[in-house]
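One-letter residues, chain by chain:
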Amino acid sequence: MSQDVAGAVAAYRNRVGPGVLAALTRAAARVPALASRLTAAGVDPQAPVGIDALSSVPVLGKDDLVEAQRADPPFGGLVAAEAPIERVFQSPGPLYEPQLAGPDPWRWAPALAAAGIGAGDTVLNCFGYHLSPAGAMFELGCLALGARVVPGGIGNQDLQVHAIATAGVTGYTGLPSYLKVLLDRFEAGVTEGAWPSSSWGLRTALVTAEPLPASLRTELQRRVPVVRMAYGTAEAGLIAYERGAGRPLRPADGLLVEVCDLSTGVPVTQGEGQVVVTLARPDYPLVRFGTGDLSAWVVDEEGQACLAGVLGRVGQAVKVRGMFLHPRQAAEVLTGVPGLKVWRLVVDRHEHRDELRCEVVIEDGAAAGEVAVAVADRIRSGLRFTAEVVPVAQVATPGELADVRTW
């Protein structure tokens, strides 16, 4: 079996390698910072010798991108000067993401099509439209396929359920846990006589940004016959996606996907490692970008190399409700709250829904209620999360981000 995996990965690299290298050569001529990075690693940007030559290029992590952008705002010198940029988004970090011109710049259309979304569909898009690129990513992918989009975003759940019942919604994009919330609210409306059960026409969903355990998929499929999983990032767009329910994630076209040793950055075929991608766009190339996600190679029923899904995270960052949360960011936001002595963030999960709790120790003489309100406001405005703030006598580890979820 191990030989089958190694052979499948080698075949995948040989298949995508020539196209990636050719695109990199064009990109290096437009982005001097890329040419310098390749040269420093001993790779000739105008004549790279084989896809394995890229293994000598150090992995570029998200924190590296943040630092590069701070030194050379707004994009760290990694975007071509003449690049056609239509929007600028801000991910946690902060990290600025350009939306390049084109009908589907993040390449989500293939995953949407594999889920059965196409012309004539009306898709409720429940990814965020505020600063984060996720909402735009999936909207543009749907539009590229000829589908209509209801820009639901995050929140206003009652109005979104009303749209499902009355606006002919047939498709969904968003978190799987959020779809479960909408399904439950719809069924509550049926019980209350707000609409008939037959008004549910949502037949297909493409979900991402959090795990999809088998128990949740089963619950969703009570009313949504097709539920497909995909994997991507704000920086790279689509990375891999299901081509059938419960199947491993097949790498998308247009990029090189690697699973790399955490210590050396060298690509591996056995065991877990960090997902590293090379996206050779001419205007915004990402070479050996470390996503921070852990995965492993497997072989699907067609003998193709696939990712086993997201198996965890590298380092301290945790994904909550589809967005990253880092202890360093929390510390920056919560420093200086009057009356706050120490704090601890806890991520838990209840009925397939992430919950964030902030345990706080209040200074002597401070009003606990006022401190709790101030902490909740800081978390909402600075981290873009809602959290239950719980005053306690002491916390186990001050400043900790504890993930106690089980899947």
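These numbers were taken from a predicted model, which means no experiment stands behind them.

The rules behind the values
Residues numbered from 1 in each chain as written. Predicted model: local features only at pLDDT ≥ 70, side-chain atom pairs only at ≥ 80, totals over all residues. Heavy atoms only, no water. Helix = DSSP H or I, 4+ residues; strand = E, 2+ residues; numbered from the N terminus. Rg over C-alpha atoms; globule rule 2.2 N^0.38 Å. Buried < 20%, exposed > 50% of the residue type's maximum accessible area, 1.4 Å probe, protein only. Areas by Shrake-Rupley, 256 points an atom, 1.4 Å probe, with all protein chains shown as cover. Lys, Arg positive; Asp, Glu negative; His and termini not counted. Charge placed at Lys NZ, Arg CZ, Asp CG, Glu CD. Salt bridge = Lys/Arg side-chain N within 4 Å of Asp/Glu carboxyl O. Polar contact = N/O pair within 3.5 Å; in protein donor to acceptor, adjacent residues only side chain to side chain. Contact = heavy atoms within 4.5 Å. Disulfide = S-S within 2.5 Å. Pairing = 2+ DSSP bridges. Right-handed = clockwise from strand over helix to strand, strands pointing away.

**Observations regarding the overall build of the protein**
Thinking step 1. In terms of helices and strands, the protein carries 10 helices and 21 strands.
Thinking step 2. Taking 22 Å as the expected radius of gyration for a compact globule of 407 residues, we find that the protein reaches 22 Å, a close match to that expectation.
Thinking step 3. In the protein, which comprises 407 residues, the share counted as buried stands at 54%.
Thinking step 4. Summed over its atoms, the accessible surface of the protein is roughly 17,100 Å², and 54% of this surface lies on carbon and sulfur atoms.
Thinking step 5. Within the protein, the 43 negative side-chain charges are centred at a point lying 3 Å from the centre of the 35 positive side-chain charges.

**Here we look at the side chain of R281**
Thinking step 1. With respect to the secondary-structure elements, R281 resides in the loop between β11 (273–279) and β12 (286–295).
Thinking step 2. Lacking a salt bridge, the buried R281 has E97 as its closest oppositely charged neighbour, with an N-O distance of 5.9 Å.
Thinking step 3. Here the side chain of R281 touches E235 through a polar contact of 3.4 Å, landing on its backbone oxygen.
Thinking step 4. Among all residues touching R281, those that are not within four sequence positions of it are A27, L100, E235 and L286.

**Here's the deal with the state of the cysteines**
Thinking step 1. In total, this model carries zero disulfides according to the counting rule given.
Thinking step 2. Just so you know, C126 is unpaired, no disulfide at all, and the nearest cysteine sulfur is the one on C142, 11 Å from it.
Thinking step 3. Considering cysteine sulfurs only, C260 is the nearest to C306, which forms no disulfide, with 17 Å between them.
Thinking step 4. Residue class for C306 comes out buried when judged on its relative accessible area of 0%.

**Some remarks on the pairing of strand β3 (residues 122–125)**
Thinking step 1. Here β3 shows a buried face lined by T122 and L124 and a second buried face lined by V123 and N125.
Thinking step 2. Looking at chain direction, β3 and strand β4 (residues 148–151) are connected through four bridges and run parallel. Bridge pairing in β4 links V123 to V149.
Thinking step 3. The parallel pair β3 and β4 is bridged by helix α5 (residues 134–144), and the resulting crossover is right-handed.
Thinking step 4. As paired strands, β3 and strand β5 (residues 171–174) are joined by three bridges and run parallel to one another. Note that in β5 the partner of V123 across the bridge is G171.

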